[in-house]
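# Summary of structural features
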Amino acid sequence: MDSGTMAELPWLDAQVGQLRRARLAGRFAPALLIHDQRGAGGLWLAHRAAQLLLCRGESPPCGRCRDCRLFLAAQHPDFIGVGPIEDSRVIRVEQIRELGEQLSLTAHGGGATVAVIAPADALNANAANALLKTLEEPRAGVSLVLVASVPSRLPATVLSRCQRIEVQAPTRAQSLRWLEQQRGQAPWNAVLDVIGNAPLEAMALDPAEFGRLASETFAALTGIATGRRELTGLAERWARAEDFELRLACIETWLTACIDRAAGAPGQSPELRTGAHLPESSWDMNIAALLRLLQGAYELRSLRLTSINRSVALEQLLWQLPRTVQVAAVS
Ligand SMILES: [Zn+2]
């Protein structure tokens, strides 16, 4: 994602203003932790912070100076981005050691050097410890920006060295307005019903394709819960696919719809309610068991970056589905 070619995120105006004031006053924290909410723009803010630090124009980030132009073209020699590489879900210790070496060198352009680590909660334990060394002895002019949606996964020793900045998800209205500006009219509300107010995640999706994935997932869950569909193979297939997180979001949505239905609360938006394969009124549902399953789904999502066996964890979760739903009148 590119902070220059990408539209502004109006719900982050306050945070951008705070960083700009710190930059102008020469008191930008050497280590910043952006506590992101999923899809709310934490990485965008990290890139904006980097541009602010690298820009040597009069009112940073000017967008016109040589540093800004290099940064926006993803070619700035003193900007380093670190994230999981290839198929890995974690950031490895070798990557952080290499970063430490790069940061110990003088900046190519004689100005600031900025490293963005995202998602920082993907640092494994050794990598986090290696990072601590860099945080303890920062070279002048070096800034580290960490982006994490679950900062508690980082050691306290790392957290205590970072100034924290919070990124809140925008409201539903803000998200919808922004998505329509960026991508035009589409059933964005239905997408956000499932993935939550995460407009940057929604932006990366094809709404029609996502709609198909959601319907298929809801149908499969209904089939499993009512005993009309076999579970075998399904969990493994879902867990292996690239859209695993979206599946989990669909599972959470479906479970929440069950809980709302069982509690007699009309919690879902009209768009979602018209979707096929959502719980039927003839179902007798065990709310306590559904809540446990929902909790299990949240945990699975927060653990997705770890080395857990996704397929086994998902199968264990879905295995419990038939016991949470008694179908009063199966046709
Ligand atoms: Zn500039």
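Criteria and cut-off values
Residues numbered from 1 in each chain as written. Predicted model: local features only at pLDDT ≥ 70, side-chain atom pairs only at ≥ 80, totals over all residues. Heavy atoms only, no water. Donors = N, O, S within 2.8 Å, 3.2 Å for Na, K, Ca; no water. Tetrahedral: all angles 85-135°; square planar, octahedral: opposite > 155°, others 65-115°. Buried < 20%, exposed > 50% of the residue type's maximum accessible area, 1.4 Å probe, protein only. Axes fitted to C-alpha atoms, helices over the stretch in contact; angles between N-to-C directions. Helix = DSSP H or I, 4+ residues; strand = E, 2+ residues; numbered from the N terminus. Parallel < 35°, antiparallel > 145°, perpendicular 65-115°, else oblique. Left-handed = near helix turned anticlockwise from the far one by under 90°. Contact = heavy atoms within 4.5 Å. Nonpolar A, V, L, I, M, F, W, Y, C, P; charged D, E, K, R; others polar. Salt bridge = Lys/Arg side-chain N within 4 Å of Asp/Glu carboxyl O.

Moving on, we get to the coordination of the zinc ion. The coordination sphere of the zinc ion contains the protein donors Cys 55 (SG), Cys 62 (SG), Cys 65 (SG) and Cys 68 (SG), at a distance range of 2.2 to 2.4 Å. For the zinc ion, the four donor atoms in the first shell make angles of 105 to 118° at the metal, so the coordination geometry reads as tetrahedral. Looking at Cys 68, the relative accessible area reads 0%, which means it is buried.

It is worth spelling out the packing of helix α8 (residues 188–195) against helix α10 (residues 207–225) at this point. Contact geometry for α8 and α10: axes closest at 10 Å, N-to-C directions at 50°. By the angle between their axes, α8 is oblique relative to α10. For the pair α8 and α10, the sense of crossing is left-handed. Along its contact with α8, which presents Trp 188, Val 191, Val 194 and Ile 195, the element α10 presents Pro 207, Phe 210 and Phe 218. Residue composition of the contact of α8 with α10, by class: seven nonpolar, no polar and no charged.

Another aspect to go through is the pattern of salt bridges. Side chains that differ in charge, positive against negative, can pair when their charged atoms come close. Summed over all chains, the structure comprises eight salt bridges. In this structure, Arg 38 engages Glu 201 in a salt bridge whose closest nitrogen and oxygen atoms are separated by 2.6 Å. Placement of the pair is Arg 38 in the loop between β1 (31–35) and α2 (42–54) and Glu 201 in helix α9 (residues 199–203), with a sequence separation of 163 residues. Judged by its relative accessible area of 26%, Arg 38 falls in the partly exposed class. Its relative accessible area of 26% is what places Glu 201 among the partly exposed residues. Residue Glu 216 is joined to Arg 247 by a salt bridge in which the shortest nitrogen-to-oxygen separation is 3.2 Å. Here Glu 216 is found in helix α10, whereas its partner Arg 247 is found in helix α12 (residues 244–263), with 31 residues between them in sequence.

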